[in-house]
Amino acid sequence: MNDVTEKKPVRHLLGLSGGKDSSALAIYIRDKYPEIHEKMEYFFSDTGAELPETLEFVDQLEAYFGKKITRLNSEKGFEHYFKLNGNILPTAKMRWCTTNLKLRPFEEFVGNDEAITYVGIRADEPQRQGYISTKPNISARYPFVEDSKDINDIREILESSGLGLPAYYQWRSRSGCYFCFFQRKDEWISLHERYPDLYKKAMSYEEFHKAHGRDHTWSEGGSLEDLLKRADEIKNNKQLGKELEKLKPKKKLIDRDSDESDDLGCLMCRL
Ligand code: SF4
């Protein structure tokens, strides 16, 4: 006879964003904690606005681990929530995108099951903040913090695995939506160079705002139209910033926001 009161086992979950930290964490757990890897459920919260390279990298990870990565899609998508939020674009302070496109699908995926979510925050970024579920049945573990692993360890894990970094790191410092407001000005310019259609699509949201008497822009550095006009200047500043960085590695003079440790990217989007 089945015991109907039998408790369901705790679920072990790891969200892969297509970024380096969560990918390295999955490899690290597989190698260091194989018993957890066995039970691990991998998932990817697809906002429907991901970069092609991110989607490719997630496919690559799936093949690499030989384990299914569950794609969590927000049923209603960005457009739906854009309208629901009064056609106001999300911002760092008003991040309805993360809540609705990432956190909510994740919580629905977990339901009322008891679960541990493994988060790729590193030991060298104790100040990092992010969106983590506050549901009482979900708790979080930070293996890189617990085991004192920093950025160099993460690079080493990825390099020695043969996976390396996702291709978008050649021009962008984090994963996430193509229109993510956390991206730097030079990353917007690179988006335009690589995916002019996506840039145009992002511009259309700003134009929509403008047509409704609002000036809200994705980037704090100006409208996407303005950024394009300043493309050469932005690229030159980026180059100059890089050169200064080489001379004074601990001090960013021009490109302050190129320091990944001081960004506010969300745990569910960027890791
Ligand atoms: S990647 Fe950026 S735009 Fe997309 S959900 Fe996360 S914070 Fe919002």
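What you see as residue numbers is a count from 1 along each chain, following the sequence as written. A pLDDT threshold of at least 70 governs which residues receive local features in this predicted model, and a stricter bar of 80 or more applies before side-chain atom pairs are shown or counted, although totals over entire chains, interfaces and linings include all residues. To obtain the side-chain values, all non-hydrogen atoms of the structure were used and water was disregarded.

Student: What's the story with unusual backbone geometry in this structure? I'm lost.
Tutor: Residues apart from glycine generally show negative phi values, whereas peptide bonds are mostly found in trans. The phi dihedral of Asn 87 falls on the positive side, at around 55 degrees, and the residue is not glycine. Checked against the element boundaries, Asn 87 lands in the loop between helix H4 (77–84) and helix H5 (96–110). Residue exposure (1.4 Å probe, protein chains only): buried if accessible area is under 20% of the type maximum, exposed if over 50%, otherwise partly exposed. Since its relative accessible area comes to 22%, Asn 87 is described here as partly exposed. Secondary structure counts use DSSP, requiring at least four H or I residues in a row for a helix and at least two E residues in a row for a strand, with both numbered from the N terminus.

Student: I'm lost on the sheet that holds strand E3 (residues 69–73) in this one. Help?
Tutor: What links the strands of a sheet is backbone hydrogen bonding, and the strands pair in either a parallel or an antiparallel sense. Note: two strands are recorded as paired if DSSP finds a minimum of 2 bridges between them. Pairing is parallel across the open sheet formed by five strands, whose spatial order is E3-E2-E1-E4-E5. Looking along the sheet, the strands with just one partner apiece sit at the ends: E3 and strand E5 (138–141). Averaged over all adjacent pairs, the angle separating strand axes in this sheet is 35 degrees, with direction ignored. Examined bridge by bridge, strand E1 (residues 11–15) and strand E2 (residues 40–46) share four bridges and lie parallel to one another. The partner of Leu 14 across the bridge, within E2, is Tyr 42. Lying on the sheet, helix H3 (residues 52–65) is in contact with E2 and E3; it crosses E3 at an angle near 150 degrees. To obtain each axis, a line is fitted to C-alpha atoms, and for helices this fit is confined to the stretch in contact; angles are then taken between N-to-C directions over 0 to 180 degrees. The contact definition used throughout considers only heavy atoms, calling two residues in contact when any of these lie within 4.5 Å.

Student: Is there a simple way to explain H3 in this structure?
Tutor: Note on helix geometry: an α-helix contains 3.6 residues per turn, so any two residues three or four positions apart are oriented the same way. Expected span of a helix, by definition, is 1.5 Å for each gap between consecutive residues, and there is one gap fewer than residues. Compared with an ideal rise of 1.5 Å per residue, which puts 14 residues at 20 Å, H3 spans 20 Å between its outermost C-alpha atoms and is within 8% of the ideal. Residues of H3 that are buried: Glu 53, Thr 54, Phe 57, Val 58, Leu 61 and Phe 65. Burial along H3 is one-sided: seen end-on, the buried residues are contained in an arc of 140 degrees. Turned more than 90 degrees from where H3 packs its buried face, Glu 56 and Ala 63 sit exposed. Taken from the helix axis, the directions to the C-beta atoms give the arc we talk about.

Student: Teacher, can you tell me more about the side chain of His 209 here?
Tutor: By secondary structure assignment, the location of His 209 is in helix H9 (residues 196–211). Taking the relative accessible area as the measure of exposure, His 209 reaches 0% and is therefore buried. With residues up to four places along the chain from it excluded, the contact list for His 209 reads Phe 82, Asn 87, Ile 88, Leu 89, Arg 214 and His 216.

Student: In this structure, what is going on with helix H7 (residues 151–161)? I would like to understand it.
Tutor: Ile 151, Ile 154, Ile 157, Leu 158 and Ser 161 are the residues of H7 that are buried. Seen along its axis, H7 keeps its buried residues to an arc of 125 degrees; they face one direction. Across H7 from its buried face, at more than 90 degrees, point the exposed residues Asn 152, Glu 159 and Ser 160. Considering only its buried residues, H7 is in contact with helix H1 (20–32), H3 and helix H6 (143–146). Immediately beyond the C-terminal end of H7, within one or two residues, lies Gly 162, with a positive phi of roughly 90 degrees.

Student: Would you mind showing me how to read the pairing of E2 here?
Tutor: Walk down a regular strand and you will see the side chains alternate between the two sheet faces. Along E2, six of the seven residues are buried, which leaves the element largely enclosed by surrounding structure. Sheet topology note: the E2/E3 ladder contains five bridges and is parallel. Bridged to Tyr 42 within E3 is Ile 69. With respect to chirality, the unit in which E2 leads through H3 into the neighbouring parallel E3 is right-handed. Assignment of crossover handedness uses the view with strands pointing away from the viewer, where a clockwise path from the first strand over the helix to the second indicates a right-handed crossover.

Student: What exactly am I supposed to notice about the side chain of Ser 175 here?
Tutor: By the secondary structure assignment, Ser 175 is in the loop between H7 and helix H8 (185–194). In this structure the side chain of Ser 175 is engaged in a polar contact, spanning 3.4 Å, whose partner is the side chain of Ser 17. Any N or O atom pair separated by 3.5 Å or less is treated as a polar contact, with the protein-specific requirement of one donor-capable and one acceptor-capable atom, and with residues adjacent in sequence counted only for side-chain atom pairs.

Student: I keep staring at the packing of aromatic side chains and nothing clicks. Help me out?
Tutor: Pairing of aromatic rings covers Phe, Tyr and the six-membered ring of Trp, with a centre-to-centre limit of 6.5 Å; geometry is then stacked below 30 degrees between planes, edge-to-face above 60, and tilted otherwise. By the definition in use, this model includes 21 aromatic pairs. A ring pair is formed by Phe 43 and Phe 109, whose centres lie 5.8 Å apart and whose planes are at 50 degrees; its orientation type is tilted. Highlighted residues: Phe 43 in strand E2 and Phe 109 in helix H5, separated in sequence by 66 residues. Between Trp 171 and Tyr 195, the ring centres sit 6.3 Å apart and the planes meet at 55 degrees, which makes this aromatic pair tilted. Highlighted residues: Trp 171 in the loop between H7 and H8 and Tyr 195 in the loop between H8 and H9, separated in sequence by 24 residues. Its relative accessible area of 5% is what places Trp 171 among the buried residues. Among the aromatic residues, ring-to-ring pairing joins Phe 78, Phe 82, Trp 96, Tyr 178, Phe 179, Tyr 205, Phe 208 and Trp 218 into one connected group. Think of it as a cone above the ring: NZ of Lys or CZ of Arg counts as a charge over the ring if it is within 6 Å of the ring centre and within 35 degrees of the ring normal. A cation over a ring is seen here: Arg 11 above Phe 109, with NZ or CZ 4.8 Å from the ring centre.

Functional significance is not addressed by these values, which are geometric in nature.
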